Amino acid sequence: MQNYAKGKAQKRRFSAVHDFFVHLQLNMTTKLYHVICEWLRELTEGTPWEGHLFAVGGCCRDEILGLEINDLDLAVDLPMGGVKFARWLEKKRLTIGRPIFFMKYGTAKLRLRKFPDDEIELVQTRKEQYTRETSRCPEVVFGSIKEDCYRRDFTVNSLYYDITRRVMVDITAQGIADIEAGIIRTPMDPDETFNDDPVRILRGLRFANRFNWRIEPGVWDALLHHIHRLEIVSRERVHSEFCKMLNGPAPIEILETLKDIGALEVMIPPIKALYHGREKNGINAWDAGLERLRVLLENAPEAPTRMRLACLFIGLTPNATDASKITRLIMQNLRFDRPIISDVSFLVRYHALRIEDLDNPRYVRAIQNLAALPRRMALLEAFLSAQNCGHVAAKLVQADKELIRSNSSGYNPEKEASARHKKQERFDNQRRRRRRHGRRRNNKHE
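Everything numeric here is computed off the predicted structure, so don't read it as measured data.

### A short note on the overall build of the protein chain
At step 1: Summing up its helical and strand segments, the protein chain has 21 helices and eleven strands in all.
At step 2: Relative to its full complement of 446 residues, the protein chain shows a buried share of 49%.
At step 3: Pairs at least 24 residues apart make up 63% of the contacts formed inside the protein chain by residues separated by at least 6 positions.
At step 4: For the protein chain, the accessible surface area stands at approximately 22400 Å², while carbon and sulfur atoms represent 49% of it.

Below, the structure is given as structure tokens:
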């Protein structure tokens, strides 16, 4: 399972060409950000790169807000500047390994030997042309820094820090003012902005929720007008934005907003069943889900995304087993990793455990077998405790330990590693046999 998750993480990292500004959470800090910028200024002094290197995007916004900076994007205002600068750094042996290039977009990712813990993205300043109504992937060509600025989503994200001159560049003359006033507006016509790339709708709502900013009236009207365009957004990007919203400072408020403007049912169509559905106690399923989320965040403010998702999906149907199955289908459609899908569907299935259920060893054994991993049982126990069901969680812990001690359970943590090893060994043997058979067959043909 761990190997599978590791492989999926690598696959996501190398398939990130759909959006160059979706990043890993790095070890970047504000202090380190300034150290890297100063190092780059000294490195490029007297070279063709001097005066052409800019820090751009969220790092500039967060510096003005006084927030901790956690990523660094560099823009080079030269044709294929990102790729060429990355190759220049590689030639000087300043990178760890070879940079990753995305030639179609003139972009590169790399890690510097001097700062090995932080991944840096290098892009050329560019202009975009959206040629298909059914796609948010534009045709990209080199553009001036002004063209690069005006193709961005919001003025608050269109600032550039000139590394050579050590000054903040506000081309729209509105970016700094809008950050200080807490206003979200677009650099160009908002209808064109949202029609070209509807992900900007979700980003605008998320920024407004995160920073408690207000959306400019004309931008808000355009946002509402283009809600239907969310249909063309990839499932992976919906997954990313939805999780960021759930982990934001006010997830309940943004979920209510998404529902009220009709965006949530476009993003995740099956969730519409919550709006008018009823749980076994007769309470509206949507209201019950938000109340569960409120209780969870009150008792466990740092609750993981798995628990937050489970709070919503529990009410998909009154039957917990059916709700678990629907949860699995929704999360598969949103391209969640298999371990996360299993965790959330497991929480949905056993969220309503009763004390009397746990008196039956067979029932507890069934829970253990479905959990498959000790950490999943611990996740369920923590979830029940956070939902003010501490007595049930305590009983589950006790019943779990008693079955393990009695060796009457099919769930034995000590045997898991051995079982996984044997399974992998069988798989390797089958693969070797297939290879030998293929070589023999090729030899016959020769």
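### Some points on the environment of Asp196
At step 1: The residue Asp196 is located in helix α7 (residues 190-196) in this model.
At step 2: Between the C-alpha atoms of Asp196 and Pro138, which are 58 residues apart in sequence, the distance is 8.4 Å.

### Let's talk about unusual backbone geometry
At step 1: A positive phi angle, close to 55 degrees, is found at Met80, a residue other than glycine.
At step 2: Relative to the helices and strands, Met80 resides in the loop between β2 (73-76) and α4 (81-91).
At step 3: Its identity as a non-glycine residue notwithstanding, Asn212 has a phi of 60 degrees, on the positive side.
At step 4: Positionally, Asn212 belongs in the loop between α8 (199-211) and β11 (214-215).

### Observations concerning the pairing of strand β5 (residues 119-124)
At step 1: Of all six residues making up β5, six are buried, and the element is well covered by its neighbours.
At step 2: Here β5 shows two buried faces, one formed by Glu119, Glu121 and Val123 and the other by Ile120, Leu122 and Gln124.
At step 3: Here strand β4 (residues 107-111) runs beside β5; their pairing, made up of five bridges, is antiparallel. Note on β5: the bridge partner recorded for Arg111 is Glu119.

Calculation criteria
Residues numbered from 1 in each chain as written. Predicted model: local features only at pLDDT ≥ 70, side-chain atom pairs only at ≥ 80, totals over all residues. Heavy atoms only, no water. Helix = DSSP H or I, 4+ residues; strand = E, 2+ residues; numbered from the N terminus. Buried < 20%, exposed > 50% of the residue type's maximum accessible area, 1.4 Å probe, protein only. Contact = heavy atoms within 4.5 Å. Areas by Shrake-Rupley, 256 points an atom, 1.4 Å probe, with all protein chains shown as cover. Pairing = 2+ DSSP bridges.

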